[in-house]
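Understanding the architecture of this molecule
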Amino acid sequence: MTRHLLEIDDLAPADLIEILDRAEEPAPPPALAGEGMALLFEKPSARTRNSMEMAVVQLGGHPVTIRPDEVGLDQRESTEDVARTLGCYHAMIGARVFEHSKIERLAANAGVPVVNMLSDDGHPLQALADLLTIRQVFGELEGRTVAYIGDANNVARSLGLGCGLAGLEFRVASPAGYRFDAGDIDRLRAVGVEPQVSDHPMDAARGADVIYADVWTSMGQEDERPSRLDAFAGYTVDDEMMGATAPGGVFLHCLPAHPGEEVTRGVLDGSTSRIWQQAENRMHAARGALWWLLDQP
Ligand code: CP
Ligand code: NVA
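All figures in this text were calculated on a predicted structure; none of them were measured in a lab.

Rules and cut-offs
- Residues numbered from 1 in each chain as written.
- Chains lettered and ligands numbered in written order.
- Predicted model: local features only at pLDDT ≥ 70, side-chain atom pairs only at ≥ 80, totals over all residues.
- Heavy atoms only, no water.
- Salt bridge = Lys/Arg side-chain N within 4 Å of Asp/Glu carboxyl O.
- Helix = DSSP H or I, 4+ residues; strand = E, 2+ residues; numbered from the N terminus.
- Phe/Tyr/Trp six-rings, centres within 6.5 Å; stacked < 30°, edge-to-face > 60°.
- Lys NZ or Arg CZ within 6 Å of the ring centre and 35° of its normal.
- Expected span 1.5 Å × (residues − 1).
- Polar contact = N/O pair within 3.5 Å; in protein donor to acceptor, adjacent residues only side chain to side chain.
- Pairing = 2+ DSSP bridges.
- Axes fitted to C-alpha atoms, helices over the stretch in contact; angles between N-to-C directions.
- Contact = heavy atoms within 4.5 Å.
- Near = heavy atom within 4 Å.
- Areas by Shrake-Rupley, 256 points an atom, 1.4 Å probe, with all protein chains shown as cover.
- Nonpolar A, V, L, I, M, F, W, Y, C, P; charged D, E, K, R; others polar.
- Parallel < 35°, antiparallel > 145°, perpendicular 65-115°, else oblique.
- Left-handed = near helix turned anticlockwise from the far one by under 90°.
- Core = buried A, V, L, I, M, F, W, Y, C linked by side-chain atoms within 4.5 Å.
- Buried < 20%, exposed > 50% of the residue type's maximum accessible area, 1.4 Å probe, protein only.

**Digging into the pattern of salt bridges**
A full pass over the atoms with the stated rule returns 24 salt bridges. Ionic pairing is found between R84 and D81, a salt bridge with its closest N-O pair at 2.6 Å. In this pair, R84 and D81 both sit in helix α4 (residues 79–89), 3 residues apart, roughly one turn of the helix. Salt-bridge contacts for R179 lead to D199; the nearest nitrogen and oxygen are separated by 3.4 Å.

Here it is as structure tokens:
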């Protein structure tokens, strides 16, 4: 059966650790030699497009990036037929979509592994890079504590699931209306994480090893920006919040950031920030994940 990476809990805990180990392998084999990977984007991207293209190149393959207007998922052609078409030419397909169901439809019809490069529901490649960064910073994953401050969105969902799989404690502080729903909490529990949910960011931050922030307004939610700015008032990660972490606590952000909203410029550029190591790790984690997927029976 073709394996896909649609959400991080498609992986068993041992798979996840193997991907992180492969991400740190300095000389990966040319697992994609002579083959292509289609990278399909319905939304903009800087890190994901570039890290995925370079990961494919580093595995000896050829990336073909496709902008939204070029194939027109469900507009020029059905998502199913796009999947079948790209599966004729490529060894793998990556997709960044709005509705998560589109990536499931691609996976059901492509005949080759499909990788979620961000949907409205999840961002598993980001979570792999986040865990790789945490492991590099602390030398271990198990027992460390991540506090996510802000919108319980795609990035938060994948991060929480990844923390569960890798044995980290996961806390989340979000205002009413922007929290995980009961289905999310069940899914987090299924991977062994009992999320500590709070509406007090300082409570979540106290004693944590990692403070994590993402934008308050995700791609596709731009019309909601004024109400979101109101709802998230008080959730800005600042020096005071970073001062409440455990000794050696660090700040992570998937980027792009909106300085002055979810985090201050001072924290983004400050001594506890590991955001550029994290951004670089997008490429290493992607390479590890693609190589691992190609090796699955
Ligand atoms: N973190 C991330 O996915 O960034 P891009 O949207 O720039 O790809
Ligand atoms: N939550 C953000 C992440 C961007 C990488 C979004 O979906 O826009």
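**Some points on the packing of aromatic side chains**
Counting across every chain of the model gives 5 aromatic pairs. Measuring from centroid to centroid gives 6.1 Å for F232 and Y235, while their planes differ by 85°, and the two rings are edge-to-face. By way of ring pairs, the aromatic residues Y178, W216, F232 and Y235 are connected into one cluster. Its end group placed over the ring of W291, R22 keeps NZ or CZ at 4.6 Å from the ring centre.

**Remarks on helix α7 (residues 154–166)**
Look at α7: 18 Å from first C-alpha to last across 13 residues, which is about the 18 Å you get at 1.5 Å a residue. Residue N153 occupies the N-cap position of α7, its side-chain oxygen lying 3.1 Å from the main-chain nitrogen of V155. Looking one or two residues beyond α7, the residue adopting positive phi is G167, at roughly 80°.

**Section: the sheet that holds strand β5 (residues 145–149)**
Spatial ordering of the open sheet is given by β7-β6-β5-β8-β9, a layout of 5 strands whose pairing is parallel. One side of each edge strand has no neighbouring strand; the edge strands of this open sheet are β7 (196–198) and β9 (250–253). Between one strand axis and the next, the sheet turns through 20° on average, direction left out of account. With 4 bridges connecting them, strand β8 (residues 210–213) and β9 associate as parallel partners. The residue of β9 that forms the bridge with A213 is H253. Strand contacts of helix α13 (residues 275–294): β8 and β9, with the helix running at about 45° to β9, the strand carrying the most contacts.

**Let's talk about the site of ligand 1**
All residues adjacent to ligand 1 are S45, A46, R47, T48, R96, H123, Q126, C254, L255 and R282. For ligand 1, a nitrogen atom lies 2.9 Å from a polar atom in the backbone of L255. Bound to the protein, ligand 1 loses 96% of the 250 Å² it would expose on its own. When the residues that make up the shell around ligand 1 are grouped by side-chain class, the tally is 3 nonpolar, 4 polar and 3 charged.

**Quick look at the sheet that holds strand β2 (residues 62–66)**
The strands making up a sheet are joined through hydrogen bonds of the backbone, oriented either antiparallel or parallel. Taken together, the 4 strands give an open sheet; going across it, the order is β2-β1-β3-β4, and neighbouring strands pair in parallel fashion. Pairing within the sheet leaves two strands with one partner each, and these edge strands are β2 and β4 (114–116). Taken over all neighbouring pairs, the strand axes of this sheet differ in orientation by 20° on average, direction set aside. Where strand β3 (residues 92–96) and β4 come together, 3 bridges link them in parallel fashion. Each bridged residue has a counterpart across the sheet, and for I93 the counterpart in β4 is V114. Across the sheet, α13 is in contact with β1 (36–41), β3 and β4; its angle to β3 comes to roughly 135°.

**Some remarks on the site of ligand 2**
L118, N153, N154, V155, D214, V215, S218, M219 and L255 make up every residue found near ligand 2. One nitrogen or oxygen atom from the side chain of N153 is found 3.3 Å from a nitrogen atom belonging to ligand 2. In the environment of ligand 2, a nitrogen atom lies 2.7 Å from a nitrogen or oxygen atom belonging to the side chain of D214. Burial of ligand 2 by the surrounding chains reaches 95%, relative to a free accessible area of 270 Å². Along the lines of polarity and charge, the residues of the shell around ligand 2 split into 5 nonpolar, 3 polar and 1 charged.

**Here's the deal with the packing of α7 against helix α8 (residues 182–190)**
Put simply, α7 and α8 touch, their axes get as near as 8 Å, and they point 25° apart. Considered as vectors, α7 and α8 are oriented roughly parallel to each other. Note on packing geometry: the crossing formed by α7 with α8 is right-handed. Taken together, the residues of α8 that come into contact with α7 (itself represented by R157, G160 and L161) are D184, R187 and L188. Class assignment of the residues belonging to the contact of α7 with α8 gives a composition of 2 nonpolar, 1 polar and 3 charged.

**Describing the nonpolar core**
Nonpolar side chains in soluble globular proteins generally cluster together in the buried interior. If you look at the biggest cluster of nonpolar residues, it comprises 58 residues, and the most contacted ones within it are I8, L16, M52, L128, V146, F170 and L290. With 21 residues, the next largest nonpolar core counts A205, I211, W216 and V267 among its residues.

**A closer look at helix α2 (residues 47–58)**
For α2, spanning 12 residues, the distance from its first C-alpha to its last is 16 Å, which sits close to the expected 16 Å at 1.5 Å a residue. Structurally, α2 contributes buried residues whose contacts are with β1, β2, β3, β4, α6 (124–138) and α13. The first or second residue beyond α2 is G60, which carries a positive phi of 85°.

The values are spatial; any link to function lies outside them.
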